[in-house]
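One-letter residues, chain by chain:
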Amino acid sequence: MAIQYLKKSPKTSSTDDTKTIKIVQDLLKDIENSKEQGCIDLTKKFDKYDGEIIVSKEKIEDIKKKLDQKTKDDVQFSHERARKFAEAQLKNSTSLMGI
């Protein structure tokens, strides 16, 4: 049985995915070709960020030393929640697929 629409809205610039798909495909091709520099350029374009994007292990350790314990605990809590959610989501999606 074919789908019969009782009412169908016309495509508008905000609902037509064709343009969005083309933009995203072009961005992905650009990143594939230009690698890290492409990511840096896109960060400047979209985020207006022109700073350091690769942080050294030494700088990370220095920042960690300066963080208060509550912030560290909050980050750890958030990380655990996100990990548990992702694991549950993965388990659910694989069980739905019969894996």
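These notes cover the structure that comes with them. (Residues numbered from 1 in each chain as written. Predicted model: local features only at pLDDT ≥ 70, side-chain atom pairs only at ≥ 80, totals over all residues. Heavy atoms only, no water.)

1. Brief notes about the overall build of the protein
Right, on to step 1. Across its full length, the protein holds three helices and zero strands.
Right, on to step 2. Helices and strands in the protein line up, N terminus first, as α-α-α.
Right, on to step 3. Since a compact globule built from 99 residues should have a radius of gyration of about 13 Å, the 22 Å found for the protein marks it as more spread out than a globular shape.
Right, on to step 4. C-alpha atoms of the protein, sized along the principal axes, occupy 65 × 40 × 25 Å.
Right, on to step 5. When the 99 residues of the protein are sorted by exposure, 4% land in the buried category. (Helix = DSSP H or I, 4+ residues; strand = E, 2+ residues; numbered from the N terminus. Rg over C-alpha atoms; globule rule 2.2 N^0.38 Å. Buried < 20%, exposed > 50% of the residue type's maximum accessible area, 1.4 Å probe, protein only.)

2. Topic: the side chain of Thr43
Right, on to step 1. Topologically, Thr43 is positioned in helix H1 (residues 17-47).
Right, on to step 2. Within polar-contact distance, the side chain of Thr43 engages the backbone oxygen of Cys39 at 2.8 Å.
Right, on to step 3. Once residues lying within four places of it in the same chain are set aside, the contact partners of Thr43 are Lys48 and Tyr49. (Polar contact = N/O pair within 3.5 Å; in protein donor to acceptor, adjacent residues only side chain to side chain. Contact = heavy atoms within 4.5 Å.)

3. A word on the environment of Lys35
Right, on to step 1. Residue placement: Lys35 occurs in helix H1.
Right, on to step 2. Between the C-alpha atom of Lys35 and that of Asp50, which follows or precedes it by 15 residues, the distance is 17 Å.

4. Quick word on H1
Side chains three or four residues apart in an α-helix point the same way, a direct result of the helix having 3.6 residues per turn.
Right, on to step 1. Helix length check: H1 (31 residues) gives 23 Å between terminal C-alpha atoms against 45 Å at 1.5 Å per residue, more than 12% under.
Right, on to step 2. Along H1, the sharpest change in direction is near 130° and occurs at Lys35.
Right, on to step 3. Two residues or fewer after H1 comes Lys48, characterised by a positive phi angle close to 55°. (Expected span 1.5 Å × (residues − 1). Bend = angle between axes of the 7 residues up to and from the residue.)

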